[in-house]
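This is what each chain is made of:
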Amino acid sequence: GDSVTQMEGPVTLSEEAFLTINCTYTATGYPSLFWYVQYPGEGLQLLLKATKADDKGSNKGFEATYRKETTSFHLEKGSVQVSDSAVYFCALDSRDDKIIFGKGTRLHILP
Amino acid sequence: DAGVIQSPRHEVTEMGQEVTLRCKPISGHNSLFWYRQTMMRGLELLIYFNNNVPIDDSGMPEDRFSAKMPNASFSTLKIQPSEPRDSAVYFCASSFAGTNEKLFFGSGTQLSVL
């Protein structure tokens, strides 16, 4: 079945560092891909998405490019802030209308 | 719109007791999802509804779990009897028109079963 694999955390970085969180997927066909973010004590919220190969999703300085050849959707940010500390989830929409989530990657940004 | 509303925010109960979690989806949304989040397993889809009808409940862990959606604006997840291993954060999410391109999540219910 469809699945999402993302790098395990926690990831700890200093403020203004470059961020990459790896995500790869297994799916039939070409699903839409998402990154969701969960701040402490809250539910998940959509950060960005890409619906077809080579699309780049971007929001709040974060970017991810849909790579069909490597079945990847890595999340990047050039300069992280303390306020980016959260849990990040990679996800895809499966053929049966379910959103499949990865296990999440906890990010800590140190001032 | 107030977003997806879940209640209670926190629930502490003793093993063997019945627990009922509640969810009010965003008005107009016709898909509703129940998820469970734990450190060990991450985010698991328990069940989802489309137009108030359960479509896939394969993620419901056991017969102790049941979910209903009597109308478009309300859903419940019930655990009877509850066990300590049910302790987790339970999220409800809704979306529009079956596109599922964007799920809106509630703030979750933190359940502790002692």
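Below you will find a few notes about this structure. (Residues numbered from 1 in each chain as written. Chains lettered and ligands numbered in written order. Predicted model: local features only at pLDDT ≥ 70, side-chain atom pairs only at ≥ 80, totals over all residues. Heavy atoms only, no water.)

### So, the state of the cysteines
Note on terminology: disulfide describes a covalent bond linking the sulfur atoms of two cysteines. Residue and element names in this part refer to chain A. Per the counting criterion, the structure on display carries two disulfides over all chains. Residue C23 pairs covalently with C90 via a disulfide, S to S 1.9 Å. The sign of the S-S torsion, about -70°, decides the handedness of the disulfide formed by C23 and C90: left-handed. Taken as a pair, C23 in strand β4 (residues 23-26) and C90 in strand β10 (residues 86-93) lie far apart in primary sequence, 67 residues in all. The burial state of C23 is the same as that of C90; both residues are buried. (Disulfide = S-S within 2.5 Å. Helix = DSSP H or I, 4+ residues; strand = E, 2+ residues; numbered from the N terminus. Buried < 20%, exposed > 50% of the residue type's maximum accessible area, 1.4 Å probe, protein only.)

### Brief notes about the pattern of salt bridges
Residue and element names in this part refer to chain B. Evaluated as defined, the whole model comprises 11 salt bridges over all chains. Among the salt bridges present, the one from R64 reaches E62, with a minimum N-O distance of 2.8 Å. Each of E62, R64, E83, R85 and D86 takes part in one network of salt bridges that share partners. (Salt bridge = Lys/Arg side-chain N within 4 Å of Asp/Glu carboxyl O.)

### Some details on the interface of chain A and chain B
Listed as interface residues are 18 residues of chain A and, on the opposing side, 21 residues of chain B. Interface area for chain A against chain B, summed over the two sides, is near 1600 Å², with a carbon-plus-sulfur share of 50%. Inspection of the region where chain A meets chain B yields zero salt bridges. Linking chain A with chain B are four residue pairs in polar contact (both at pLDDT 80 or more), by the criterion used here. Where the side of chain A that touches chain B is concerned, the elements lending two or more residues are β5 (33-38), β6 (44-50) and β11 (99-101) of chain A. Split by residue class, the side of chain A that touches chain B holds seven nonpolar, five polar and six charged. (Contact = heavy atoms within 4.5 Å. Buried area = accessible area lost by both parts, 1.4 Å probe. Polar contact = N/O pair within 3.5 Å; in protein donor to acceptor, adjacent residues only side chain to side chain. Nonpolar A, V, L, I, M, F, W, Y, C, P; charged D, E, K, R; others polar.)

### Details of the nonpolar core
Core analysis: the largest hydrophobic core is formed by 27 residues, its most contacted members being A:W35, A:L47, A:L48, A:F73, A:L75 and A:Y88. For this core, the secondary structure elements donating two or more residues are β2 (11-14), β3 (19-21), β4, β5, β6, β8 (62-65), β10 and β12 (105-110) of chain A. Broken down by element, this core gets its largest block of residues, four residues, from β10(A). Within the second largest apolar cluster, 21 residues are counted, among which are B:M69, B:A88, B:Y90 and B:C92. (Core = buried A, V, L, I, M, F, W, Y, C linked by side-chain atoms within 4.5 Å.)

### Side note on the sheet that holds strand β3 (residues 19-24) of chain B
All names here are of chain B. Pairing within the open sheet is antiparallel, and its four strands lie in the order β1-β3-β8-β7. Edge positions in the open sheet fall to β1 (5-7) and β7 (65-71), since each of these has one partner strand only. Averaged over all pairs of adjacent strands, the angle between strand axes in this sheet comes to 15°, irrespective of strand direction. The sheet contact formed by β1 and β3 spans three bridges and is antiparallel. (Pairing = 2+ DSSP bridges. Axes fitted to C-alpha atoms, helices over the stretch in contact; angles between N-to-C directions.)

### Let's talk about the sheet that holds strand β7 (residues 56-59) of chain A
Residue and element names in this part refer to chain A. On the basis of which strands lie adjacent, the open sheet formed by four strands has the order β3-β9-β8-β7 and antiparallel pairing. The sheet terminates laterally at β3 and β7, the two strands that pair on one side only. Sheet twist, expressed as the average angle between the axes of neighbouring strands with direction ignored, equals 20°.

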